[in-house]
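Observations on the three-dimensional arrangement
The lines below spell out each chain.
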Amino acid sequence: MSHQEPNTKVELSLLENGLDFILKGIDELFDEEHVIREYSTAADIGSSGYKYGVIHLFSGFLLLLKERLFRHVPELIFKGKISEAKKKIATGKAPNTVGLDEALERLEFGPRVVFSEDNLNIIRSIQKTRNEFEHYKVSVNKHYLWKNVSFFCN
């Protein structure tokens, strides 16, 4: 006898996944206390809020870049040549996806999405902070980080 379970599959598109990460990052930076007051300051956010906020915001941003590439040519989200990605996909293997540098490069030449120098500086700053949170140690002024997170969200 077969037993069917409803909704046993998790499915998220690149867009849904990216937006979900961004919303989670915002939730980490703004808890209910700040929403009630309708404002927050750099000092109000705890280390954990900054850590998970930055990690989630950056991950969501990168997924949105990949979504834009995917809409142009789906195989552009994978590392290496498009022909190699197609072969791997055809054999059921999941190729690795591109990182920030390759995504930005491909966006520039493919769908012609280009960020200003100021925007790239903010993106790189958030990437650096994200990397420090994930892989090393962090020592950053909350006001500087708050400014960069605010610009990044814009």
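Everything below is about the structure printed above this text.
A brief report on the enclosed structure follows. (Residues numbered from 1 in each chain as written. Predicted model: local features only at pLDDT ≥ 70, side-chain atom pairs only at ≥ 80, totals over all residues. Heavy atoms only, no water.)

**Some points on the side chain of R106**
On the secondary structure map, R106 appears in helix 5 (residues 100-109). Contacts of R106, omitting those with residues within four sequence positions, involve L69, E75, L76, I77, F78, K79, G80, V98 and P111. (Helix = DSSP H or I, 4+ residues; strand = E, 2+ residues; numbered from the N terminus. Contact = heavy atoms within 4.5 Å.)

**Structural notes on the packing of aromatic side chains**
Summed over all chains, the structure comprises three aromatic pairs. With a centroid separation of 5.7 Å and an interplanar angle of 70 degrees, the aromatic rings of F30 and W146 are classed as edge-to-face. One end of the pair, F30, is in the loop between helix 1 (14-29) and helix 2 (32-37); the other, W146, is in helix 7 (residues 142-153), and 116 residues separate them in sequence. With a centroid separation of 5.1 Å and 65 degrees between ring planes, the pair formed by F61 and F152 is classed as edge-to-face. Taken as a pair, F61 in helix 3 (residues 47-72) and F152 in helix 7 lie far apart in primary sequence, 91 residues in all. Looking at F61, the relative accessible area reads 16%, which means it is buried. Overall, F152 belongs to the buried group, its relative accessible area being 14%. Aromatic rings pair up to connect F61, F115 and F152 into one cluster. (Phe/Tyr/Trp six-rings, centres within 6.5 Å; stacked < 30°, edge-to-face > 60°. Buried < 20%, exposed > 50% of the residue type's maximum accessible area, 1.4 Å probe, protein only.)

**Things to note about the pattern of salt bridges**
When charged atoms on two side chains of opposite charge get close, those side chains can pair. Evaluation of the coordinates by the stated rule reveals six salt bridges. Among the salt bridges present, the one from R106 reaches E102, with a minimum N-O distance of 2.7 Å. Remark: E102 and R106 occur in helix 5; sequence separation between them is four residues, near one turn of the helix. A relative accessible area of 27% means that E102 is categorised as partly exposed. (Salt bridge = Lys/Arg side-chain N within 4 Å of Asp/Glu carboxyl O.)

**Remarks on the side chain of H56**
By the secondary structure assignment, H56 is in helix 3. Here the side chain of H56 touches Y52 through a polar contact of 2.7 Å, landing on its backbone oxygen. Setting aside residues no more than four positions away along its own chain, H56 makes contact with F21, I22, K24, G25 and E28. (Polar contact = N/O pair within 3.5 Å; in protein donor to acceptor, adjacent residues only side chain to side chain.)

**Thoughts on the layout of surface pockets**
The space that makes up the largest pocket amounts to roughly 300 Å³. Lining the largest pocket, in full, are I22, L57, F61, L64, F115, N119, I122, I123, F151, F152, C153 and N154. For the lining of the largest pocket, the elements supplying multiple residues, two or more each, are helix 3, helix 6 (117-135) and helix 7. Along the lines of polarity and charge, the residues of the lining of the largest pocket split into ten nonpolar, two polar and no charged. (1 Å grid on protein atoms, 1.4 Å probe; cavity = no way out; pocket = protein on both sides within 12 Å on 5 of 7 lines; lining within 4 Å. Points joined across faces, edges and corners; volume = space filled by probe spheres on them. Nonpolar A, V, L, I, M, F, W, Y, C, P; charged D, E, K, R; others polar.)

Read these as spatial facts, not as claims about activity.
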